[in-house]
Amino acid sequence: MNAKPRVPLDRKRVADTALNLLNEVGLDGLTLSAIGRELGVKAPALYWHFNNKQALLDEMATEMNRRMVARTPRDPADTWRERLRTSNHGLRAALRGYRDGAKVFSGSRFTGIEHAEQMEDDLRLFTAAGFTLTQAVRALATTYLYTTGFVAEEQGVEPLPDERREGYDVEERARMMADFPLSAAAGTEIFENYEEHFAEGLELVITGISARYGID
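Residues numbered from 1 in each chain as written. Predicted model: local features only at pLDDT ≥ 70, side-chain atom pairs only at ≥ 80, totals over all residues. Heavy atoms only, no water.

In the annotation of an unreviewed UniProt entry, the entry for the chain reads AcrR family transcriptional regulator, and the organism field reads Nocardiopsis mwathae.

(A) The arrangement of the overall build of the chain in detail. If you tally the helices and strands in the chain, you get 10 helices and 0 strands. From first element to last, N terminus to C terminus, the chain shows the α and β order α-α-α-α-α-α-α-α-α-α. Seen through its principal axes, the chain has C-alpha atoms that stretch 70 × 55 × 30 Å. Across the 216 residues that make up the chain, the buried fraction comes to 39%. Across the chain, the fraction of contacts at a sequence separation of at least 24, relative to all contacts at a separation of at least 6, is 72%. Taken as a whole, the chain presents about 12800 Å² of accessible surface, with 54% of it coming from carbon and sulfur. (Helix = DSSP H or I, 4+ residues; strand = E, 2+ residues; numbered from the N terminus. Buried < 20%, exposed > 50% of the residue type's maximum accessible area, 1.4 Å probe, protein only. Contact = heavy atoms within 4.5 Å. Areas by Shrake-Rupley, 256 points an atom, 1.4 Å probe, with all protein chains shown as cover.)

(B) Representation of the packing of helix α4 (residues 80–96) against helix α10 (residues 194–213) in the model. Packing of α4 against α10 brings their axes to within 11 Å, and their N-to-C directions diverge by 145 degrees. Crossing of α4 over α10 shows right-handed handedness. Contacts from W80, R81, L84, R85, N88, H89 and R92 in α4 reach Y194, E195, F198, A199, L202, E203, I206, I209 and S210 in α10. Classifying every residue of the contact of α4 with α10 gives 8 nonpolar, 3 polar and 5 charged. (Axes fitted to C-alpha atoms, helices over the stretch in contact; angles between N-to-C directions. Left-handed = near helix turned anticlockwise from the far one by under 90°. Nonpolar A, V, L, I, M, F, W, Y, C, P; charged D, E, K, R; others polar.)

(C) Layout of the confidence of the model for the chain. When the pLDDT values of the chain are averaged, the result is 92; 97% of them are 70 or greater. In this model residues 1–5 is a low-confidence stretch, pLDDT under 50, and it forms 0 contacts with partners more than four residues away in sequence or in other chains. (pLDDT = per-residue confidence, 0-100.)

(D) View of unusual backbone geometry. Its identity as a non-glycine residue notwithstanding, D100 has a phi of 60 degrees, on the positive side. Residue position: D100 is located in the loop between α4 and α5 (101–105). Phi angles above zero are rare outside glycine, and D162 is one such case at about 70 degrees. By secondary structure assignment, the location of D162 is in the loop between α7 (133–157) and α8 (170–176). Its relative accessible area of 85% is what places D162 among the exposed residues.

What follows is the structure in structure tokens.
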């Protein structure tokens, strides 16, 4: 019987495997050794493709962005407000698809320039709407930082959709903080209804951008 040919390793295959494993073990458990076991190779074989774990995280973030762009259609008729809503709701959904997704994505460096096409499109839209280039960058960066920061906090409570860490029982929290009734009641707003909370917060940021730069 002929042995099944080994699929050659490349950067994308390693990154795909790492993203699949991430949901099982989280970022702390995502070691090159664990990834190597999934691929049926020794960890040193991965160093041909990635010098260190951060280089792998950069490739994982790049692949996450590719998938997000493919799943989030962009309407050429968008207003700048609609573009911020679409892109940031899409980013949140993408990050929530992976355990520790926000931690992997935040601070990572994209390994190519594929994202430049999307960035150029956004900047053209914003400058055409009356933003200076600096203002456009500030608006896009601020909403991006809001979204990644929000999801990082959200995943501290709900690592994946429909999964909740122990220690975040809102009713128990309220009982413990009974002497501080407003703080106790705030627990529902802080630790539940993340979809509503995110959407409302994003609208606050968008409204602030409009007010700051005087652009409707």
